[in-house]
Amino acid sequence: ITVNGETVTINEDTGIYEIEITDEVDIARIVATAVDGTSKVSIDGETATLKTATKTRDVTGHEVIEMVVTITAEDESTKDYNLKITVIETSNRMSYVKVNTGTITPEEDNITYKTFIDYNATNVDVEIKTESDYASIEITNKDSLSITNEILNAGLLNFTVNTPESVTTINYTVTSETGVSKDYTIVLTKISTDNTLKELYVGEQLIEVNEDGNYY
């Protein structure tokens, strides 16, 4: 048995022919060939053909495709062979990032997310969602942050991060189901409330502030 030209091996423990393919292909093409040229082959109950049978199946993302290959010998005796195709996803891209329920638009590099938070904020809630439910998310600078309420489920990571500094940076890695990683960054910047005038000049003359707070 081959799937998209790759020979499928049997799992000795289960007796099932098993193979993994990625969602980068749109179609799985299954070809089953009998040893004896006089045998007939059918896949999933379709009309048997001499020695070799072919079947195609659309691939739409993570799924498990199960089929039965039936070999019918010249004496009409039959034997079934089970085939299991597991489709794994390649995406390590983001679906969205939210801070306190507000969705952040990524920068032009599509890996950096920047937003402002209240100057007096002591913490914020962050929600990270990957494009694939089967991707994993790991905060890589967790040792330098104070994080609580961390929950990861089906490509969705929720957590609360303390924000004692004027700028808080969160680095994280998304790893696809196929094991390919991509790094992302969230930058949280507190909005300054300082509206103090540093100094005032008229021409080249520095104007001093009076006791009443006005400049004359």
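First, a word on what this report is: a plain description of the structure on this page. (Residues numbered from 1 in each chain as written. Predicted model: local features only at pLDDT ≥ 70, side-chain atom pairs only at ≥ 80, totals over all residues. Heavy atoms only, no water.)

### Digging into the environment of Thr 78
Checked against the element boundaries, Thr 78 lands in strand β10 (residues 78–88). Judged by relative accessible area, Thr 78 falls into the exposed class, the value being 55%. With 37 residues separating them along the chain, Thr 78 and Val 41 place their C-alpha atoms 9.6 Å apart. (Helix = DSSP H or I, 4+ residues; strand = E, 2+ residues; numbered from the N terminus. Buried < 20%, exposed > 50% of the residue type's maximum accessible area, 1.4 Å probe, protein only.)

### Describing the pattern of salt bridges
Inspection of every chain in the model, using the stated rule, returns five salt bridges. As a salt-bridge pair, Glu 46 and Lys 55 come within 2.7 Å of each other at their nearest N and O atoms. The partner of Arg 57 in a salt bridge is Glu 63, with the nearest N and O atoms 3.4 Å apart. When its relative accessible area of 16% is taken as the criterion, Glu 63 is described as buried. (Salt bridge = Lys/Arg side-chain N within 4 Å of Asp/Glu carboxyl O.)

### Regarding the packing of aromatic side chains
Evaluated as defined, the whole model comprises two aromatic pairs. For the pair Tyr 17 and Tyr 81, a centre-to-centre distance of 6.3 Å together with 70° between the ring planes defines the contact as edge-to-face. Within this pair, whereas Tyr 17 is found in strand β4 (residues 16–22), its partner Tyr 81 is found in strand β10, the two being separated by 64 residues in sequence. Centre to centre, the rings of Tyr 172 and Tyr 184 are 5.4 Å apart; their planes meet at 15°, and the pair counts as stacked. Of this pair, Tyr 172 sits in strand β18 (residues 167–175) while Tyr 184 sits in strand β19 (residues 181–190), placing them 12 residues apart in sequence. Residue classification places Tyr 172 among the buried positions, given a relative accessible area of 0%. By relative accessible area, Tyr 184 is classed as buried at 3%. Between the NZ or CZ atom of Lys 98 and the centre of the ring of Tyr 96, over which it lies, the distance is 5.0 Å. (Phe/Tyr/Trp six-rings, centres within 6.5 Å; stacked < 30°, edge-to-face > 60°. Lys NZ or Arg CZ within 6 Å of the ring centre and 35° of its normal.)

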